[in-house]
Amino acid sequence: MKTFTALAALLLLPLAAQADESQIKLKDGPGKDKVAIHCAVCHSTDYIPMNSPFLDRKGWEGVVNKMIKVMGAPIPQEDVPVIVDYLTRHYGKS
Amino acid sequence: MTTRREFLTRGLALGAAGLWLPQGRAEGLFDIPVPTLPPGDVEQSVMATLPGKRPLIKRTWRPANFETPVALFDRSDFTPNDAFFVRWHLADLPEANDPRLAETNYVLKIGGDAVENPLSLSLPQLKREFEQVELVAVCQCSGNRRGLVQPHVAGVEWGYGAMGQARWRGVRLRDVLNRARLRKEALEVVYDGLDRPVLEKTPDFIKSLPVWKALDENTLLAWEMNGEPLPYHNGYPLRLVVPGWTATYWVKMISEINVVSKPYDGFWMKTAYRVPMGKFPVTDRFISQEVPGGPNTPITEMVVNSLITNLEPNQKIRAGQWTEVRGIAWDGGRGIRLVEVSTDGGRSWQPAELGRDLGNFAWRSWSYRFKPRKGRYGILAKATNAAGSTQTFQWIANPAGYHHNVIQRIDVEAV
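Since this is a predicted model, take the numbers as computed values, not measurements.

K.L.:
Please provide a residue-by-residue account of the overall build of chain A, values included.
P.N.:
Tallying secondary structure elements over chain A gives 5 helices and 0 strands in all. Counting from the amino terminus, chain A carries its helices and strands in the arrangement α-α-α-α-α. Out of the 94 residues in chain A, the part that is buried amounts to 43%. Carbon and sulfur atoms form 61% of the exposed surface of chain A, whose accessible area is close to 5,200 Å².

Shown next, in the form of structure tokens:
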């Protein structure tokens, strides 16, 4: 496969995703759909529970910002707080 | 668990009374916290099978990050290829049947502004036209044991098994670079594999070595491990082997090498895989990647480490019978000189018997026998290398969670 664009990646996701990662069950709650759309473009979402629960809101904000600024994730600015809220509530340090 | 302060207080009180702790107590001089992986990591970690592999500990599915169970390091100096750990940074890999990976098509390009004679080599050419060499070396992820550091640090939450040992076969990178004829300005050797990011904006996984390390006689372009072609997930058909240095430099499916006259400033060198300056007893410096007065430096050689391979926490052992404690010890290439074992929580130490010596870049197996009485025993192991470096009792904190070489403690019960 050659490198493709974010849009193509989204369209191809059901094919590109390994069958085995379908067993990952993220916790239900507002923002879960945004996480599924944006994070799963480049990696399986087991990265999220794997890194829990030890990050606080600032920690998860740092992770999301790294994905945008360093890794080039095309996450719209208005979705960022929704994603950070979801991660903090369900996978954050209590 | 007794805190250090409680222990010290009690120790002082006991000392004042002219008493000392009874023999065989698990509490010792060294209050090493019991390492625990993040709960979410434990929950996600299932045994799963990648193509060409036996069931391994799955940390993440995509990119695939799979860990070797510790029991597979016990009494085995060569980690089986199908059990060797898997670590990818980027999810866009060539399919296993991609024509570019075929032996007859695979091409390694060597270029850059600091070579006089850019060239392309096929695999048959590499195998035919250069001297073939073999060596045994540990391949260990920089972040091996990251999951055990406290407080936890974000990343792949590895336990003890992001490592393995193999007999690698290939040609010296030095011989290949010599054919490309390095100019005197050559500073770094920059290299890339066929793994690619999913998004164009994500930094490709490109690494560099200082020229001195690239020209080291032990740095290899390898196509074989343990007498077999590299498994797909360990870099088929060709990977770099950088003995002594952490696996971040051992780029898989290596396809392009550029020798350059300026420091390479890509993300995976300039920002990632860095450790704080001056905190580790590192002697292999990568000076062209340092900024004078800067806070950090690229991770380079592995720190001295050891692993107990035949005991599990709270295991029951037989009182009155000889019990063997076994494990492995390794470092960044000086060679292991001594492994000491404590069975009383760190109060006293005895030298272990060292197993066969497979070279300075290999781990050294070791074993120690003792006859326990009934009670709990705190078993510790500590390795020392030929330079006198040893392991730490407390993790040397660094932001990315590297270089965990805290002395392991396993409490067992003799019944």
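K.L.:
Quick rundown of the packing of helix α4 (residues 57–69) of chain A against helix α5 (residues 80–91) of chain A? Include the residues and the values.
P.N.:
Residues and elements named next belong to chain A. Between α4 and α5, whose axes approach to 9 Å, the crossing angle comes to 135°. When the axis of α4 is compared with that of α5, the two are oblique. Handedness of the α4/α5 crossing: right-handed. Residue-level inspection shows Arg-57, Trp-60, Glu-61, Val-64 and Ile-68 of α4 in contact with α5, the latter providing Val-80, Ile-83, Val-84, Asp-85, Leu-87, Thr-88 and Tyr-91.

K.L.:
Please provide a residue-by-residue account of the environment of Asn51(A), values included.
P.N.:
Tracing the backbone shows Asn51(A) in the loop between α3 (47–50) and α4. Sequence separation between Asn51(A) and Gly92(A) is 41 residues, and the spatial gap between their C-alpha atoms is 9.0 Å. Ignoring sequence-local partners within four residues, the contact set of Asn51(A) consists of Trp60(A), Tyr91(A), Val153(B), Ala154(B), Gly155(B) and Glu157(B). At 3.0 Å, the side chain of Asn51(A) forms a polar contact with the backbone nitrogen of Gly155(B).

K.L.:
Break down the domain arrangement of chain B for me, with residues and values.
P.N.:
Residue and element names in this part refer to chain B. Under the domain assignment, chain B is made up of domain 1 (4–83), domain 2 (99–150 + 160–298) and domain 3 (305–414). Taken together, the contacts link 16 residues of domain 1 with 19 residues of domain 2. Across the domain 1/domain 2 interface, buried area totals approximately 1,400 Å², and carbon plus sulfur atoms make up 54% of it. When the buried surface of domain 1 facing domain 2 is broken down by residue, Pro-35, Phe-78 and Asn-81 rank first, second and third, together holding 36% of it.

K.L.:
Kindly report on the confidence of the model for chain B, identifying the contributing residues and their values.
P.N.:
Residues and elements named next belong to chain B. The pLDDT averaged across chain B works out to 93; a share of 93% of its residues lies at or above 70. Low confidence marks residues 1–26, where pLDDT is under 50. Its contacts with residues over four positions away, or in another chain, come to 35 contacts. This complex was scored by the predictor with a pTM of 0.91 and an ipTM of 0.90.

K.L.:
Hey, could you go over the sheet that holds strand β24 (residues 375–385) of chain B for me, with residue numbers and the actual values?
P.N.:
All names here are of chain B. An order of β18-β25-β24-β20-β21 is seen for the 5 strands of this open sheet, with the pairing classed as mixed. A strand with exactly one partner marks an edge of an open sheet, and here the two such strands are β18 (316–317) and β21 (350–351). Pairing analysis gives 7 bridges linking β24 to strand β25 (residues 408–414), with the strands arranged antiparallel. Considered in β25, the bridge of Ala-381 is made with Gln-408.

K.L.:
Help me get a handle on the sheet that holds strand β19 (residues 323–330) of chain B, residues and values and all.
P.N.:
Residues and elements named next belong to chain B. Here we have 4 strands laid out as an open sheet, ordered β17-β19-β23-β22, and antiparallel in their pairing. Only two strands of the sheet have a single neighbouring strand rather than two, namely β17 (305–308) and β22 (353–354). In this structure, β17 lies alongside β19, joined through 4 bridges in antiparallel fashion. Within β19, the residue paired with Ile-308 across the bridge is Gly-327.

Conventions adopted
Residues numbered from 1 in each chain as written. Chains lettered and ligands numbered in written order. Predicted model: local features only at pLDDT ≥ 70, side-chain atom pairs only at ≥ 80, totals over all residues. Heavy atoms only, no water. Helix = DSSP H or I, 4+ residues; strand = E, 2+ residues; numbered from the N terminus. Buried < 20%, exposed > 50% of the residue type's maximum accessible area, 1.4 Å probe, protein only. Areas by Shrake-Rupley, 256 points an atom, 1.4 Å probe, with all protein chains shown as cover. Axes fitted to C-alpha atoms, helices over the stretch in contact; angles between N-to-C directions. Parallel < 35°, antiparallel > 145°, perpendicular 65-115°, else oblique. Left-handed = near helix turned anticlockwise from the far one by under 90°. Contact = heavy atoms within 4.5 Å. Polar contact = N/O pair within 3.5 Å; in protein donor to acceptor, adjacent residues only side chain to side chain. Domains from an automatic or database assignment. Buried area = accessible area lost by both parts, 1.4 Å probe. pLDDT = per-residue confidence, 0-100. Pairing = 2+ DSSP bridges.

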